[in-house]
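Okay, here's what each chain looks like letter by letter:
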Amino acid sequence: MALKNGGIVILDYGSQTAQLIARRVRELGVFAALIPYDASAAEAQAAAPALRGVILSGGPAGTYEPDAPPLPDWVLASGLPVLGICYGMQLLTQRFGGQVAAATQREYGMATVSVRATSELFAGLDAEQAVWMSHGDRLEHPPDGFAVIASTSNAPYAAIAHQERRLFGVQFHPEVQHTAHGRAILRNFVIGVCGAASGWTPESFIAASIESIRAQVGGGRVLLGMSGGVDSSVAGELIHRAVGEQLVPVFVNHGMLRLGEADAVIGLGKQLGWRNMIAVDATEEFLGALRGVSEPEAKRQIIGRTFAEVFEREASRLGALDWLAQGTIYPDVIESADTGRPGARRIKSHHNVGGLPDRLKGRLVEPLRDLFKDEVRQVGARLGIPDEIVWRQPFPGPGLGVRCVGEVTWERLEILRAADHLFTDELRQAGLLREGTAQAFAVLLPVRSVGVMGDQRTYDEVIVLRAVTTTDFMTADWARLAPDLLARVSSRIVNEVRGVNRVLYDITSKPPATIEWE
C-alpha cells in the first residue's frame, strides 16, 4: 500500500518498549513496521516498501552472551541509515570492534545526558537533557570511526555516531515519554537523516484495515469477543464497516465485571448498530474453573481457555462462524512475548494472547494488534464512536479476576466491585477519570489486617488503590492524587464496604511494576 512507502523498519530484539519506537515514528507521520530481528532483507522491504532507514531496538540479552541475537548482515550492506537503541547500540559497537561489558553500576530510570559533539541526532536540542535509562551493560570502548556525541555520569559513551556511514547509537531510550527530547531525537533521525516521507494517519490506518479485513475474511462470518471497552469496540466497528452483517459480536459476562457493566455493554452494542450481538452469562463456568487457583499466570491461562471454550460453543450453536475477532492491542502482545517476538521475555500472559488453543490462532482477526491505546482512541474518534466509549478507562479482558489477588470467589469480587465503584465515582466527581488519570482502579489483596470499628476488633481484607498517568501504557507514573481525595475515598470504602478495614495507595511506576497487579 502507498501509505507504507518511504518508511522505517524497527528490528525487534525483545525490548518491552520496541513497539513504542514504531508508535513514536508514526507520530511523525512516517510509516513504521516492527519486524523480528532475524527478518531477511526481502522481508524488511516487504514490510516497508521504499525503505529509508533501520532502527535496532533494545532487548534483554547481552551482546557478549553465547546465543545473543545478532545484527543481520543486510542491515549494514544496505547502506541505509541505522539508529541503535540500548542493545541496538551495543550491537553496532560489537560489529565494528568496540567493547561492551556489564556495567559496574546499572542505570534504571532518569539520567542527565550531556551532548559532547555536533551531530545531526541532537541538532537544535539542549546540551543537557533528561533521558530514560534501562540497561545493565555499557560501552567500555567505542569502535574506531565512531565519535562520542553524548555521555552521562555513569555512561561515558551514552551516544555515538559514524557520520559518514550515517550510523548512530544511543544508550538511553528516546521512545519513552520520560526522555525529554526523545521525540525530537527520533525526528532528527527519521526525517533529517533518513529523509522518510509522511502519510501515516488514523485515516490511512482505517482505510488499510478495512481493505485488509475484507481480504482476510472474504465471505466468512466473524465472531467478535465483545467486552464493551474501547479496544473491542473499535475493532468491532472496523470489522463491521469491512464486512457488515458478517460480524457476530458475542458479549461474555464472566462475572468479573465492574458494577453495572454488563447492562452497559449490552446497550453499547445497540448504540453501535450491531444487530447480531449476543449476550452470554457464563459467570458460574468461569468461577468454577478458577476455584482454588491463586497463581496469576494460571488464572490468566484459565480465563483465556474458558473464553475460547465459550466462543467455540457459541459458534457451534450459531452455525458456521469462520473467524474469531479480538481487540488485542500491542501492549498485550509485548507483555505476553508471543511467538512473533523471538527475542522477548514474557512478563505476563493476556487472555487474548496467551490463552487461546492452537486450533484458533490461525483464524484470528485482530485489526488493532499493532496499535497502542492512544492510537486506538484516535482511530475510534475518526470512526465516530461516542466519546464515552473512546475515552473509557482501560479494563483488562480477565476483568476483576486479575485485580482480585489470590483466589477469585464471588464474595471477594463483590467486595472489590464495591470498592472500585466508590474510587472511580470520587475520581469522576473530581473530573479526574479522563484528564487526571489514564487508568485507575482498586485491587483486593489476599491479606487481612487488624482494625477497630465501634470499639470492636476487626480482622478484614485490604484494598489497594492504583491510579497512573501515561499516554502509551508501556511506561507509566503513579498519579499524584490530592491527599484530601484519597482520604475521602479511604473513608468511604471502610465505612461503606463490609469486609474491608484498611486502604493503601500504590506509588510504584511502570517499570519496575506493571499497571495491573497480576
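Let us look at the structure shown here. All of these numbers come straight from a predicted model, not from anything done at the bench. (Residues numbered from 1 in each chain as written. Predicted model: local features only at pLDDT ≥ 70, side-chain atom pairs only at ≥ 80, totals over all residues. Heavy atoms only, no water.)

1. Comments concerning the overall build of the protein
Where we set the bar: Per the convention used, a helix needs a DSSP run of H or I reaching at least four residues, while a strand needs a run of E reaching at least two, with both numbered from the N terminus. Only C-alpha atoms enter the radius of gyration; for comparison, a globular chain is expected to reach 2.2 Å times N to the power 0.38, where N is the number of residues. To sort residues, take the accessible area from a 1.4 Å probe on protein chains only and compare it with the maximum for the residue type: under 20% means buried, over 50% means exposed, and anything in between is partly exposed.
For the protein, the helix and strand inventory stands at 16 helices and 18 strands. Relative to the compact-globule value of 24 Å for 518 residues, the protein shows a C-alpha radius of gyration of 24 Å, a close match. Overall size of the protein, expressed as C-alpha extent along the three principal axes, is 70 × 65 × 40 Å. Split into buried and exposed, the 518 residues of the protein put 60% on the buried side.

2. As for the sheet that holds strand E10 (residues 222-226)
Test applied: In this description, strands pair whenever DSSP reports at least two bridges between them.
One open sheet holds the 5 strands; their spatial order is E12-E11-E10-E13-E14, and the pairing between them is parallel. At either margin of the open sheet sits one strand with a lone partner, and together these are strand E12 (278-281) and strand E14 (364-365). Bridging between E10 and strand E11 (residues 247-253) involves 5 bridges; their strand directions are parallel. The residue of E11 that forms the bridge with Leu-223 is Val-248.

3. Some points on the side chain of Thr-179
Which entries qualify depends on this criterion: Contacts described as polar in this section are N or O atom pairs within 3.5 Å, which, within protein, must combine one atom able to donate a hydrogen with one able to accept it, while residues neighboring in sequence count only if both atoms come from side chains. For this analysis, residues touch if any pair of their heavy atoms sits within 4.5 Å.
Checked against the element boundaries, Thr-179 lands in the loop between strand E9 (167-170) and helix H5 (182-193). The exposure class assigned to Thr-179 is buried, which follows from its relative accessible area of 3%. Within polar-contact distance, the side chain of Thr-179 engages the backbone nitrogen of Trp-132 at 3.0 Å. Other than its neighbours up to four places away in sequence, Thr-179 contacts Ala-130, Val-131, Trp-132, Phe-172, His-173 and Pro-174.

4. Remarks on the pattern of salt bridges
This is how it is decided: The salt bridge definition used is simple: a Lys or Arg side-chain nitrogen within 4 Å of an Asp or Glu carboxyl oxygen.
This structure, assessed with the given rule, holds 28 salt bridges. Taking the shortest distance from any N to any O, the salt bridge between Arg-95 and Asp-73 comes out at 3.4 Å. Separated by 22 residues along the polypeptide, Arg-95 in helix H4 (residues 87-95) and Asp-73 in helix H3 (residues 73-77) bring together distant segments of the chain. Where Asp-231 meets Lys-373, a salt bridge forms, and the shortest distance between an N and an O atom there is 2.7 Å. In this pair, Asp-231 is assigned in helix H7 (residues 230-243) and Lys-373 in helix H13 (residues 373-382), connecting sequence segments 142 residues apart. As far as burial versus exposure is concerned, Asp-231 and Lys-373 are alike and both buried. Three or more residues joined by partner-sharing salt bridges are found here, namely Arg-23, Arg-24, Arg-26, Glu-27, Arg-183, Asp-374 and Glu-375.

5. A look at the nonpolar core
As a reminder of what qualifies: Joining through side-chain atoms within 4.5 Å is the link that ties buried Ala, Val, Leu, Ile, Met, Phe, Trp, Tyr and Cys residues into a set, and such a set is a nonpolar core.
Within the largest apolar cluster, 116 residues are counted, with the highest numbers of intra-cluster contacts made by Leu-465 and Ile-493. Core analysis: the next-biggest nonpolar cluster, separate from the first, contains 34 residues, Val-30, Cys-86, Ala-158 and Val-190 among them.

6. Let's talk about helix H16 (residues 483-496)
The condition is simple: In a helix, the anticipated span is given by 1.5 Å times the number of residues less one. Arc definition: directions from the helix axis to the C-beta atoms.
Over its 14 residues, H16 extends 20 Å from the first C-alpha to the last, a length consistent with the 20 Å expected when each residue adds 1.5 Å. Among the residues of H16, Leu-485, Leu-486, Val-489 and Ile-493 are the ones counted as buried. Buried residues of H16, seen end-on, are gathered within an arc of 95 degrees and therefore sit on one face of the element. Exposed positions of H16 whose direction lies more than 90 degrees from the buried face are Pro-483, Asp-484 and Asn-495.

7. Quick word on unusual backbone geometry
For the bond from Lys-510 to Pro-511, the omega torsion is -15 degrees, close enough to zero to count as cis. Here Pro-511 is to be found in the segment after strand E18 (500-505). Geometrically, the link from Pro-511 to Pro-512 is a cis peptide bond, its omega value of 15 degrees lying close to zero. Counting through the fold element by element, Pro-512 comes out in the segment after E18. One non-glycine residue, Arg-166, lies in positive phi territory at about 60 degrees. Looking at the element boundaries, Arg-166 is found in the loop between strand E8 (159-162) and E9.

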